[in-house]
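Coordinate analysis (summary)
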Amino acid sequence: MATKRAARIPPRLHPELPGWDGELCDEVEIVDAVLTGDLAAHVLAHVDVTGSRIEAAQLTGTRLRSSQLTDVTVTGCDLSGVVFEDCALTRLEFRDCRLSGAQAAGGRFRDVAFFDCRLNDANFRMTTWERAEFDGCDLTDADFYAAALPASRFTGCDLTGVQLSKSTLAGTSFQRSVLERLAGADALRDVIISTDEILAVALSVFGALGVTVDDT
């Protein structure tokens, strides 16, 4: 039986927030603020960001370890190659962001959504998700090996070449998405797809099961 999909809880933010002009360092706490500008290539541990907005920021190559982000919106930012190491993300929204090659293996995501984001080649191996949402995203060649993604939602996304081996997807919805060349497609048990995705999913499942179609 498919897992029932609960509604995602959006970030909880004050309508007006001041700019943040502090120093990024280990164990910093950022609360109710707006972050922007060049924040790239930092290596930080035990950072706590709460009730904040990150806007038009450069975060390429930044590494966060053992950190928590809660009730945060991230808009128009470049997070290419960002690393979330042993991090917990709760009630986050990423909008129009670039996260190509992002590394988040083993991360914990609760009520996290991505809208119109580039997540190609992102590494989400062995991540755990609750109420995940992806809308209009490029996820080509992303890696969800052994990820727990029950009752998630993928709408209008490109998942060409995505790795799904040993992932948990019961109740997950794939609507109006590209599902070509999926790896580990036998993990698509108890998922929901639209009619225009049937052929691509069938071919991927046949490949995972070693089925050969031969009319000779």
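Above this text sits the structure in question.
Each chain has its residues counted from 1, following the order in which its sequence is written. Totals for whole chains, interfaces and linings use every residue, but because this is a predicted model, local features are given only for residues with pLDDT of at least 70 and side-chain atom pairs only at 80 or more, for both listing and counting. In computing side-chain properties, one takes all heavy atoms of the structure into account and sets aside hydrogens as well as water.

This part takes up the overall build of the protein. Helix and strand counts for the protein stand at 1 helix and 14 strands. Its C-alpha atoms give the protein a radius of gyration of 18 Å, near enough to 17 Å, the size a compact globule of 216 residues would have. Along the three orthogonal principal directions, the C-alpha set of the protein runs to about 70 × 30 × 25 Å. For the protein, the residues scored as buried account for 47% of the 216 residues in total. Note on definitions: a residue-residue contact is assigned when non-hydrogen atoms from the two residues lie within 4.5 Å. Of all intrachain contacts in the protein linking residues separated by at least 6 positions in sequence, the fraction that spans at least 24 positions is 10%. Positive charges are assigned to Lys and Arg, negative charges to Asp and Glu, while His and the chain termini are left out of the count. Throughout, a charge is located at the NZ atom of Lys, the CZ atom of Arg, the CG atom of Asp or the CD atom of Glu. One way to put it: in the protein the 20 positive side-chain charges average out to a point 6 Å from where the 33 negative ones average out. The numbering of helices and of strands both runs from the N terminus, where a helix is a DSSP run of H or I of at least 4 residues and a strand a run of E of at least 2. Only C-alpha atoms enter the radius of gyration; for comparison, a globular chain is expected to reach 2.2 Å times N to the power 0.38, where N is the number of residues. Each residue's exposure class comes from its accessible area (1.4 Å probe, protein chains only) as a fraction of the maximum for that residue type: buried when under 20%, exposed when over 50%, partly exposed otherwise.

Where charged atoms from two side chains of opposite charge come close, those side chains can pair. Criterion for a salt bridge: a side-chain nitrogen of Lys or Arg within 4 Å of a carboxyl oxygen of Asp or Glu. Overall, the coordinates contain 12 salt bridges when judged by the stated rule. Measuring nitrogen to oxygen at the nearest pair gives 2.7 Å for the salt bridge that ties Arg53 to Glu55. Here Glu55 falls in the partly exposed class, since its relative accessible area comes to 29%. The partner of Asp86 in a salt bridge is Arg108, and the shortest N-O contact between them spans 3.1 Å. Here Asp86 is found in the loop between strand S7 (83-85) and strand S8 (88-95), whereas its partner Arg108 is found in strand S9 (residues 108-115), with 22 residues between them in sequence. The class of Arg108 is partly exposed, set by a relative accessible area of 36%. Salt bridges sharing partners connect three or more residues here, namely Arg8, Glu93, Arg95 and Glu133.

Now for the nonpolar core. We define the nonpolar core as a collection of buried residues of types Ala, Val, Leu, Ile, Met, Phe, Trp, Tyr and Cys that are connected through side-chain atoms lying within 4.5 Å of one another. Ranked by size, the top nonpolar core spans 57 residues in total, and within it Leu79, Phe94, Phe114, Leu119, Phe134, Leu139 and Phe144 carry the most contacts. Contributing elements (two or more residues each) for this core: strand S4 (48-58), strand S6 (68-75), S8 and S9. Those residues in contact with Leu79 that sit more than four places away from it in its chain are Leu59, Val74, Phe84, Phe94, Cys97, Arg98 and Leu99.

Here we come to the sheet that holds strand S3 (residues 43-45). In this analysis, strands are considered paired if DSSP registers two or more bridges between them. What the 3 strands build is an open sheet, ordered S3-S5-S7; its pairing is parallel. In the strand order of this sheet, the two ends are held by S3 and S7, each with one partner. Each strand axis lies, on average, 15 degrees off the axis of its neighbour in the sheet, ignoring direction. Across 3 bridges, the pairing between strand S5 (residues 63-65) and S7 is parallel. If you follow Leu64 over to S7, its bridge partner there is Phe84. Helix axes are fitted to C-alpha atoms over the stretch in contact, other axes to C-alpha atoms as well, and angles between N-to-C directions run from 0 to 180 degrees.

The subject of this paragraph is the pairing of S6. Of all 8 residues in S6, 6 are buried; the element is thus mostly enclosed. Pairing geometry for S4 and S6, over 7 bridges, is parallel. Counterpart to Thr50 in the pairing with S6 is Thr70. With 7 bridges joining them, S6 and S8 adopt parallel strand pairing. Across the sheet, residue Thr70 finds its bridge partner in S8, namely Thr90.

Another aspect to go through is the packing of aromatic side chains. Ring pairs are drawn from Phe, Tyr and Trp, using the six-membered ring of Trp, whenever the two centres fall within 6.5 Å, and their geometry is named by plane angle: stacked under 30 degrees, edge-to-face over 60, tilted for the rest. With the rule as written, the count across this model stands at 13 aromatic pairs. Centroid distance Phe109 to Phe124: 6.0 Å. Interplanar angle 80 degrees. Geometry classified as edge-to-face. Of the two residues, Phe109 sits in strand S9 while Phe124 sits in the loop between S9 and strand S10 (128-130), which places them 15 residues apart along the sequence. Assessed through its relative accessible area of 5%, Phe109 is described here as buried. Summarising the aromatic geometry, the rings of Trp129 and Phe144 are spaced 6.4 Å apart at their centres and angled 55 degrees between planes, so their arrangement reads as tilted. You can see Trp129 sitting in strand S10 and its partner Phe144 sitting in the loop between strand S11 (133-135) and strand S12 (153-155), a full 15 residues away along the chain. Given the relative accessible area of 1%, Phe144 is considered buried. An aromatic cluster is defined as three or more aromatic residues linked by ring pairs; in this entry it consists of Phe94, Phe109, Phe114, Phe124, Trp129, Phe134, Phe144, Phe154 and Phe174. Placement of a charge over a ring requires the Lys NZ or Arg CZ to be within 6 Å of the ring centre, with the centre-to-atom vector within 35 degrees of the ring normal. Seen from the ring of Phe115, Arg95 lies directly overhead, with NZ or CZ sitting 4.0 Å from the centre.

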